[in-house]
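The primary structure of each chain is shown beneath.
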Amino acid sequence: MDIVNNSVRSKRRKRIKRHRKIITILLGLVVLDIVFFIISNIILERKFNRTNYTSQSALDWQLILANPWNPIPKNFTVETESFNNGHSVDKRIFDDLEKMLDDARKEGLSPIICSSYRTPEKQKSLYKNKISKYLSDGFSNQEAAIEAAKWVAVPGTSEHQTGLAVDIVAESYQILDKGQENTSEQKWLMQNSYKYGFILRYPENKSDITGICYEPWHYRYVGKEAAKEIHKKGICLEEYLEQIL
Ligand SMILES: [Zn+2]
């Protein structure tokens, strides 16, 4: 009987030991996750020169700043106007955008708007899809969220939600990658968009300031005066605002 009891006790002890081990491992993983989250935030904090404009209301409507550290105000609304292809933008920039695309076509080019105004819901679904992609590539939750945010703005911080931004591609090359910069359409837009009040919003050498990777297709309306200055000085919107505020 004693032998049986001992064997039961010994089994129970082993089971308890095993459970303790599992709990310790799980706790360790949770702690590691928290440490990783804190470290990645510190890295992000150092990597990007976070400009924070607390008073968006002080800015002209066309200079509104939406970036990872400056969300669009909660009460933000925009009146949009649509093109025949269904894409819509802030109605105040419609004519300038149409004129820019018309003038590009007169040069024999074929620019196509592939993304324009996005509702908060649309932005949310794009961001979620990007995170899922990184998760399926084996990234952890935190890594996936950080990587996704470099390509698709976190909902509430996307310029596409302002109605002032458009993604334009060449008809002959409709891929959103670095190769876009070699198309005649992008070369023309990079040279001329400022005349219509637009800037290439995420230049290659400004990712540390904008928080977004190089996007040779994303154009942002800032008005003709600001666009001219930004183009001439080769600065980004954050640097321009730094100068005028
Ligand atoms: Zn874009």
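In this report, we go over the structure that sits alongside the text. (Residues numbered from 1 in each chain as written. Predicted model: local features only at pLDDT ≥ 70, side-chain atom pairs only at ≥ 80, totals over all residues.)

**Notes on helix α3 (residues 120-136)**
The criterion, for reference: Every helix listed is a DSSP run of H or I at least four residues long, and every strand listed is a run of E at least two residues long, numbered separately from the N terminus. What a helix is expected to span follows from its residue count: subtract one and scale by 1.5 Å.
Look at α3: 25 Å from first C-alpha to last across 17 residues, which is about the 24 Å you get at 1.5 Å a residue. G138 lies just past α3 and shows a positive phi near 100°.

**Focus: the pairing of strand β6 (residues 218-221)**
Threshold: Counting other C-beta atoms within 10 Å of its own, a residue is labelled buried from 20 upward, exposed at 12 or fewer, and partly exposed in the gap between, with every C-beta atom placed from the backbone. Two strands are counted as paired when DSSP detects at least two bridges linking them.
What you see with β6 is no split at all: H218 and R220 on one side and Y219 and Y221 on the other are buried throughout. Bridge analysis of strand β4 (residues 165-170) against β6 gives three bridges, and the strand direction is antiparallel. For D167, the partnering residue across the bridge sits in β6 and is H218. Alignment of strand β5 (residues 198-200) against β6, held across three bridges, turns out to be antiparallel. Bridge pairing in β6 links L200 to Y219.

**Here's the deal with the sheet that holds β4**
We count it as follows: Convention adopted: a line fitted to C-alpha atoms gives each axis, helices being fitted over their contacting stretch, and angles between N-to-C directions are expressed from 0 to 180 degrees.
Strand order in this open sheet of four strands is β3-β4-β6-β5, and the pairing throughout is antiparallel. The open sheet terminates on both sides in strands that have one partner only, identified here as β3 (111-115) and β5. Neighbour to neighbour, the strand axes of the sheet diverge by 40° on average, direction disregarded.

**Section: helix α2 (residues 94-106)**
We apply this condition: For every residue pair, C-beta atoms are placed from the backbone, and the pair is scored as a contact if these atoms sit within 7 Å.
A rise of 1.5 Å per residue sets the reference length of α2, with its 13 residues, at 18 Å; its end C-alpha atoms lie 18 Å apart and thus fit the reference within 8%. Where α2 is buried, its residues meet β2 (88-90), β3, β4, α5 (184-192) and β5. G108 lies just past α2 and shows a positive phi near 85°.

**A closer look at the packing of α3 against helix α4 (residues 141-151)**
The condition that has to hold: Comment on the angle field: the value is read as roughly parallel under 35 degrees, roughly antiparallel over 145, roughly perpendicular from 65 to 115, and oblique elsewhere. Crossing handedness is defined as follows: a turn of the near helix away from the far one that is anticlockwise and smaller than a right angle gives a left-handed crossing, while the clockwise case is right-handed. Any residue that is not Ala, Val, Leu, Ile, Met, Phe, Trp, Tyr, Cys, Pro, Asp, Glu, Lys or Arg is counted as polar, Gly included; the first ten are nonpolar and the last four charged.
Two elements in contact, α3 and α4, have axes separated by 8 Å at closest approach and are oriented at 130°. Judged by the inter-axis angle, α3 sits oblique to α4. In the crossing of α3 with α4, the sense of the turn from one axis to the other is right-handed. Side by side, α3 and α4 meet where Y127, K130, I131, Y134 and L135 of the first sit next to E143, A144, A145, E147, A148 and W151 of the second. When its residues are assigned to classes, the contact of α3 with α4 shows eight nonpolar, no polar and three charged.

**Examining the nonpolar core**
The nonpolar side chains of soluble globular proteins are, as a tendency, buried together. Here is the rule: Residues of type Ala, Val, Leu, Ile, Met, Phe, Trp, Tyr and Cys that are buried and joined through C-beta atoms within 7 Å form what is called a nonpolar core.
Ranked by size, the top nonpolar core spans 33 residues in total, and within it F198, I199, Y219, V222 and A227 carry the most contacts. Going through the elements one at a time, α2, β4, β5, β6 and α7 (224-233) are the ones with two or more residues in this core. If you tally residues by element for this core, the top one is β4, at five residues. Those residues in contact with V222, other than ones at most four positions away along the chain, are Q62, L63, G197, I199, A227, I230 and L237. By size, the runner-up hydrophobic cluster in this structure holds seven residues, among which are I131, A148, V152 and A153.

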